[in-house]
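Notes for the structure review
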Amino acid sequence: MEKKVAVITGGSRGIGRAIAIKLAQENIDIAVVYAGNEDAAKKTCSKAQEYNIKAIAYQCNVSDFNQSKETISQILKDFGKIDILVNNAGITKDGLIFTMKEADYDAVMDINLKGAFHMIKHCYSHFLKRRSGNIVNISSVVGLTGNAGQANYSASKAGLIGLTKSAAKELAARGVCCNAIAPGFIRTEMTDALNEEQQKAIRAQIPMGDYGQAEDIADLVVFLTSGKANYITGEVIRVDGGMAM
Ligand code: NAP
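This section reports on the structure supplied with the text. Treat the numbers as computed from the prediction; the structure is a model and nothing was measured.

What about the site of the ligand?
Looking at the ligand, there are 28 residues lining it, with Ser12, Ile15, Gly36, Asn88 and Tyr153 nearest. In this structure, glycine 10 approaches the ligand through a main-chain N or O atom, which is 3.1 Å from an oxygen atom. Between an oxygen atom of the ligand and a main-chain N or O atom of glycine 36, the distance comes to 2.8 Å. Protein coverage of the free-state accessible area of the ligand, which is 910 Å², stands at 88%. Among the secondary structure elements, those contributing two or more residues to the shell around the ligand are helix H1 (14–25) and helix H6 (151–171).

As structure tokens, then:
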């Protein structure tokens, strides 16, 4: 069977790295898009290459329209096609609305939401021509519930759900699926840095009693893009230990 090609934004670390490696385990070639952490992106590629697939890292700020366009065309030159696009790149710049700087609001919206729009837009005609494609956007439970101190981040993740459903409606008749995953608290470098008391408070909000793992998100990306989920589109799936039910 012909190998698939996946683009994973924010594939250098955390959830994105887990997604890249799980897809590599499924014999899928991967393009890892990262912002600045070249060593981490190369580490993802070398780990993925252990599964005998092709993996290349691309430095690209997804919030930049032209850089995103050039990156997608370079990936198409290097791999010949794109089957799967995972919009995972994201940042936080938390604070109460009262004190939040305009620049911090804009930076989060530009990377988390507009970045995904850029990548979808630049893959759009390729997907249309091939009459196939699979887009997975990594949103968040706070995009469903809101969160004090995260107005910018929650708005970006809620916007990503609107983008997901709109893209799903535009592309459904062309054989392209677009879904969103809404993770809850996932163990990453960020959560490891919290002290025991903060960790305890977070666990108390989770019906299943503990954080999820990056691999829990990656397993769902694998399923959604496996060919076993071809009748699922425009869906938002929580992976949160029951937190936002
Ligand atoms: P992370 O460890 O902080 O990694 C962020 C990734 O995004 C890195 O690969 C980073 O690249 C990349 N990135 C940041 N800005 C970028 C830009 N302008 N252009 C291209 N790439 C950029 O994050 P994570 O915890 O794995 O989260 C991944 C996604 O899941 C995010 O969208 C996040 O909002 C979402 N999420 C996470 C959690 C959680 O608990 N961790 C919960 C819900 C949702 P560099 O390495 O080059 O900096």
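Focus on the nonpolar core
If you look at the biggest cluster of nonpolar residues, it comprises 31 residues, and the most contacted ones within it are Ile8, Ile19, Leu23, Ile30, Ile138, Ile181 and Val221. Counting residues per element, the ones that place at least two in this core are strand S1 (5–9), H1, strand S2 (29–34), helix H2 (38–49), strand S4 (84–87), strand S5 (133–138) and helix H9 (214–224). Per-element accounting of this core gives the leading share, 7 residues, to H9. Core analysis: the next-biggest nonpolar cluster, separate from the first, contains 28 residues, Val5, Met109, Leu113 and Val176 among them.

Focus: the side chain of serine 12
Inspection of the secondary structure assignment puts serine 12 in the loop between S1 and H1. For serine 12, the residues in contact, after removing those within four places along its chain, are Arg17, Val32, Tyr34, Asn37, Ala40, Ala41 and Thr44.

Things to note about the pairing of S4
Residues Ile84 and Val86 point to one face of S4 and Leu85 and Asn87 to the other, with burial holding for every one of them. In this structure, S1 lies alongside S4, joined through 3 bridges in parallel fashion. Opposite isoleucine 8, over in S4, you have valine 86 as the bridge partner. Bridging between S4 and S5 involves 4 bridges; their strand directions are parallel.

Cut-offs applied
Residues numbered from 1 in each chain as written. Predicted model: local features only at pLDDT ≥ 70, side-chain atom pairs only at ≥ 80, totals over all residues. Heavy atoms only, no water. Near = heavy atom within 4 Å. Polar contact = N/O pair within 3.5 Å; in protein donor to acceptor, adjacent residues only side chain to side chain. Areas by Shrake-Rupley, 256 points an atom, 1.4 Å probe, with all protein chains shown as cover. Helix = DSSP H or I, 4+ residues; strand = E, 2+ residues; numbered from the N terminus. Core = buried A, V, L, I, M, F, W, Y, C linked by side-chain atoms within 4.5 Å. Buried < 20%, exposed > 50% of the residue type's maximum accessible area, 1.4 Å probe, protein only. Contact = heavy atoms within 4.5 Å. Pairing = 2+ DSSP bridges.

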